[in-house]
Amino acid sequence: MAHGFRGMSHGRRRVLIAGGWSVLLTVPAGHAMAQGTREPARLKIGVVGSGRLGGAVGSLFVKAGHPVMFASRHPEELKSLADPLGPLARTGTVAQALAFADVILLAVPYSAVPEVGQQHRWQGKIVLDATNAIAARDGAIVDEVKANGIGATTAKYLKGARIVRAFNFTGAAEFTRESHRSGPPMAVPLAADDAEALAVASALVREVGFEPVVVGGLSSADRFAPGGKLFRQMGTAEEFRRAMAQ
């Protein structure tokens, strides 16, 4: 658990207790939980790319009690998304979302990943990477993804980010419809190399009504990206693990 926190002042640590996980998060001083409380910390979440998927999953985070900033180059266009969600939802630029958030949900078209990586500082930020590389939309970068893997490619462009591939294996409508469904929850696959970031992502997946299934490290993320055998593998965690084993 010490990895990534050596030398950090106690004023920049916070405990997240959610979904059975207890982990440390880097957050600005003054935002730690009150000493002695058992209430979970409310993570500030920035949604970078607030289209259909970002809007749908970001809305689930708001409904779970997390402050969310929906971000784009034109944040004024997102008011119709944020305003109906109440006071926990706000809008901003990408730079504002990165400054605001403990965790980023990245849901831009994949061709935009190099640009947002170059224009902003990602060092140390937990990023839930919900992007997918689509040949008809994203152009030449799809060849790089095919050659190197989508997890490694995102990590290349988002220097220093603590990346978890998540919320990319199916569409916005499915996440909205299946959240907190009756019966066993829908499985959501995850891939990451950072154990602490993975724990945070797993807790958030549970909070919005799904069951996290860890497929492996970032190198395994292609298994549930478009073209992978596990892409759109809808079902319970047990059913998903059976599909993984085949």
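Data block above holds the structure.
To start, this report covers the structure provided alongside it. All chains use their own residue numbering, which begins from 1 and follows the written sequence. Local features are withheld for residues below a pLDDT of 70 in this predicted model, meaning they are given only at 70 or higher, and side-chain atom pairs are given and counted only at 80 or more; totals for whole chains, interfaces and linings count all residues. Neither water nor hydrogens contribute to the side-chain values; these are computed over all heavy atoms in the structure.

1. Focus: the side chain of glutamate 196
Here is step 1: Where helices and strands are cited, they refer to DSSP runs of H or I of at least four residues and of E of at least two residues respectively, numbered from the N terminus. Looking at the secondary structure, you find glutamate 196 in helix α9 (residues 195–207).
Here is step 2: Throughout, exposure labels follow a simple rule: accessible area from a 1.4 Å probe, protein chains only, divided by the maximum for the residue type, with under 20% read as buried, over 50% as exposed, and the rest as partly exposed. Classification of glutamate 196 by relative accessible area gives buried; the value is 6%.
Here is step 3: Two N or O atoms count as a polar contact when they lie within 3.5 Å, although within protein this holds only if one can serve as hydrogen donor and the other as acceptor, and sequence-adjacent residues are included solely when both atoms are side-chain atoms. Side-chain polar atoms of glutamate 196 contact the side chain of arginine 162, separated by 2.9 Å.

2. Points about the pairing of strand β9 (residues 187–192)
Here is step 1: Among the 6 residues in β9, 6 count as buried, and that is most of the element.
Here is step 2: Both faces of β9 are covered, namely the face carrying Ala187, Pro189 and Ala191 and the face carrying Val188, Leu190 and Ala192.
Here is step 3: Pairing between strands is defined by DSSP: at least two bridges between the two strands are required. One ladder, built from 2 bridges, connects strand β8 (residues 162–165) with β9; its direction is antiparallel. The residue bridging arginine 165 from the neighbouring strand is alanine 191, located in β9.
Here is step 4: Looking down the strands as they point away from the viewer, one classifies a crossover as right-handed if the path from the first strand across the helix to the second runs clockwise. For the crossover that starts at β9, traverses α9 and ends in the parallel strand β10 (residues 211–216), the hand is right-handed.

3. Remarks on the nonpolar core
Here is step 1: Residue types Ala, Val, Leu, Ile, Met, Phe, Trp, Tyr and Cys, when buried and joined through side-chain atoms within 4.5 Å, form a set referred to as a nonpolar core. Grouped together as the largest cluster of nonpolar side chains are 75 residues, with contacts concentrated most on Phe61, Trp122, Leu128, Val164, Phe167, Phe175 and Phe210.
Here is step 2: The contact partners of phenylalanine 167, leaving out residues within four places of it in the chain, are Leu53, Val57, Phe61, Leu105, Leu128, Ala130, Phe175, Val188, Val205, Val208 and Phe210. Contacts: residue pairs with any heavy atoms within 4.5 Å of one another.

4. A word on the sheet that holds strand β3 (residues 45–48)
Here is step 1: On the basis of which strands lie adjacent, the open sheet formed by 8 strands has the order β5-β4-β3-β6-β7-β8-β9-β10 and mixed pairing. In this open sheet, the two edge strands, each paired with only one partner strand, are β5 (89–92) and β10. Sheet twist, expressed as the average angle between the axes of neighbouring strands with direction ignored, equals 25°.
Here is step 2: All axes are obtained by fitting lines to C-alpha atoms, using only the stretch in contact for helices, and the reported angles, taken between N-to-C directions, cover 0 to 180 degrees. Together, β9 and β10 form the strand contacts of helix α10 (residues 237–245), whose direction differs from that of β10 by roughly 15°.

5. Topic: the pattern of salt bridges
Here is step 1: Throughout this description, the term salt bridge denotes a Lys or Arg side-chain nitrogen within 4 Å of a carboxyl oxygen of Asp or Glu. A complete count under the given rule lists 13 salt bridges for this structure.
Here is step 2: With a closest N to O distance of 3.4 Å, arginine 42 and glutamate 207 form a salt bridge. Residue arginine 42 is found in the loop between β2 (21–26) and β3, and its partner glutamate 207 is found in helix α9; the two are separated by 165 residues along the sequence.
Here is step 3: In this structure, glutamate 115 engages arginine 73 in a salt bridge whose closest nitrogen and oxygen atoms are separated by 2.5 Å. With a gap of 42 residues between them, glutamate 115 in helix α4 (residues 113–119) and arginine 73 in the loop between β4 (68–71) and α2 (79–82) connect regions that are remote in the sequence.
Here is step 4: For glutamate 115, a relative accessible area of 33% corresponds to the partly exposed category.

6. A word on the side chain of threonine 153
Here is step 1: Within the secondary structure layout, threonine 153 lies in helix α7 (residues 150–157).
Here is step 2: Residue threonine 153 is classed as buried on the basis of its relative accessible area of 1%.
Here is step 3: Other than its neighbours up to four places away in sequence, threonine 153 contacts Tyr110, Glu144, Val145 and Asn148.

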